[in-house]
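# Per-entry structural report
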Amino acid sequence: DAAARPSHPVHTPTRGVGSPWIVGRMTAPDARLRLICLPQAGGSAASFAPWRLTPPPGVELATVELPGRGVRSAEPVPDTLEELADAVLDGIAGELREPYALFGHSFGALIGYELAVRIRRRGLTPPAALLVSASRAPHTPVLRRVTDHDDVGLLSWLEGFGGFPPELRRYPAYLRYAMRTVRRDLALAEAY
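Attention in this report is confined to the structure presented alongside it.

### A short note on the packing of helix 2 (residues 81–92) against helix 3 (residues 107–122)
A pair of packed helices can be characterised by two numbers: the angle between their axes and the separation between those axes. Packing of helix 2 against helix 3 leaves a shortest axis separation of 9 Å and a crossing angle of 65°. Of the two possible hands of crossing, helix 2 and helix 3 adopt the one that is right-handed. In contact with L81, E82, L84, A85, D86, V88, L89, D90 and I92 of helix 2, helix 3 contributes F107, L110, I111, E114, L115, R118, I119 and R122. Of the residues belonging to the contact of helix 2 with helix 3, the class tally is 11 nonpolar, no polar and 6 charged.

Okay, structure coming up:
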């Protein structure tokens, strides 16, 4: 019965194929492109949870879980953004076989750029696109270090542009964890 079928393809949540790097995959039945998503400073694969509600037709979402956060919170974070990009590429290399694009937001944009450079150097299949948002260009120097602020100043800076929900102030233990993670990621980005 046509009335019982949805009018658009149904995206199905699927588990990664054994890799701890991809968490919360959403697969479209007619997927023509895999969109590999890299989160902002302090973010995790869960940062893209709202996207899973209405992914574009024909696009599979593959959200990357970086070490030191989410389900991988016990894992150490590499000392430099370049080392982190090496680790991410090693972890997601199996995802690069189908047509794919990289999307990085803020800190994730710098990782995405470094991934694209490494993919090319290794002779792997290049992405159809590198999509970035809310980031400086890789060749642009950092003019002001926000990691020099104390936690109150850093939190105020984050809240000033909507980068941190103010309601999280009600959860001091989580706030300390989140600030530590954000500060560490921002320090990697500032040193890049």
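### Things to note about the nonpolar core
If you look at the biggest cluster of nonpolar residues, it comprises 37 residues, and the most contacted ones within it are I36, V64, V88, I92, F107, I111 and L115. Elements represented by at least two residues in this core include exactly strand 3 (33–38), helix 2, strand 5 (100–105), helix 3, helix 4 (151–160) and helix 5 (172–191). In terms of residues, this core owes the most to one element, helix 5, which gives 7 residues. For I92, the contacting residues outside a window of four places in its chain are W21, I22, I36, V64 and L115.

### Quick word on a nonpolar patch on the surface
Together, Y113, L130 and V132 make up an exposed nonpolar region whose accessible area comes to about 240 Å². Mapped onto the fold, L130 is located in strand 6 (residues 130–133). A residue is classified by how much of its surface remains accessible, and L130, at 33% relative accessible area, is partly exposed.

### Brief notes about the packing of aromatic side chains
Overall, the coordinates contain 5 aromatic pairs when judged by the stated rule. Geometrically, the ring pair formed by F48 and W51 is edge-to-face, given 5.1 Å between the ring centres and 75° between the ring planes. The class of F48 is buried, set by a relative accessible area of 4%. Look at W51 and you get partly exposed, because its relative accessible area is 36%. Plain terms: the ring middles of W51 and F103 are 5.2 Å apart, the flat faces sit at 40° to each other, and that makes the pair tilted. Of this pair, W51 sits in helix 1 (residues 49–53) while F103 is found in strand 5, placing the two residues 52 residues apart along the sequence. Aromatic rings pair up to connect F48, W51 and F103 into one cluster.

### Focus on the side chain of E65
With respect to the secondary-structure elements, E65 resides in the loop between strand 4 (59–63) and helix 2. The side chain of E65 sits in the buried core without any salt bridge; R69 is the nearest counter-charge, 5.5 Å away. A polar contact is formed between the side chain of E65 and the backbone nitrogen of A45, at a distance of 3.0 Å. Reaching out from E65, the side chain makes a polar contact with the backbone nitrogen of V71 at a distance of 3.4 Å.

### Points about the pattern of salt bridges
Side chains that carry opposite charge are capable of pairing whenever their charged atoms lie near each other. Tallying each qualifying case throughout the model produces 15 salt bridges. One salt bridge in this structure joins R25 and E95, with 2.7 Å as the shortest N-O distance. Of this pair, R25 sits in strand 2 (residues 25–27) while E95 sits in the loop between helix 2 and strand 5, and the two are 70 residues apart along the sequence. Its relative accessible area of 5% is what places E95 among the buried residues. The shortest N-O distance in the salt bridge between E159 and R169 comes to 2.9 Å. Here E159 is found in helix 4, whereas its partner R169 is found in the loop between helix 4 and helix 5, with 10 residues between them in sequence.

Cut-offs applied
Residues numbered from 1 in each chain as written. Predicted model: local features only at pLDDT ≥ 70, side-chain atom pairs only at ≥ 80, totals over all residues. Heavy atoms only, no water. Axes fitted to C-alpha atoms, helices over the stretch in contact; angles between N-to-C directions. Helix = DSSP H or I, 4+ residues; strand = E, 2+ residues; numbered from the N terminus. Left-handed = near helix turned anticlockwise from the far one by under 90°. Contact = heavy atoms within 4.5 Å. Nonpolar A, V, L, I, M, F, W, Y, C, P; charged D, E, K, R; others polar. Core = buried A, V, L, I, M, F, W, Y, C linked by side-chain atoms within 4.5 Å. Buried < 20%, exposed > 50% of the residue type's maximum accessible area, 1.4 Å probe, protein only. Patch = residues over 30% accessible without salt bridge, like charges linked within 9 Å, V, L, I, M, F, W, Y side chains within 5 Å. Areas by Shrake-Rupley, 256 points an atom, 1.4 Å probe, with all protein chains shown as cover. Salt bridge = Lys/Arg side-chain N within 4 Å of Asp/Glu carboxyl O. Phe/Tyr/Trp six-rings, centres within 6.5 Å; stacked < 30°, edge-to-face > 60°. Lys, Arg positive; Asp, Glu negative; His and termini not counted. Polar contact = N/O pair within 3.5 Å; in protein donor to acceptor, adjacent residues only side chain to side chain.

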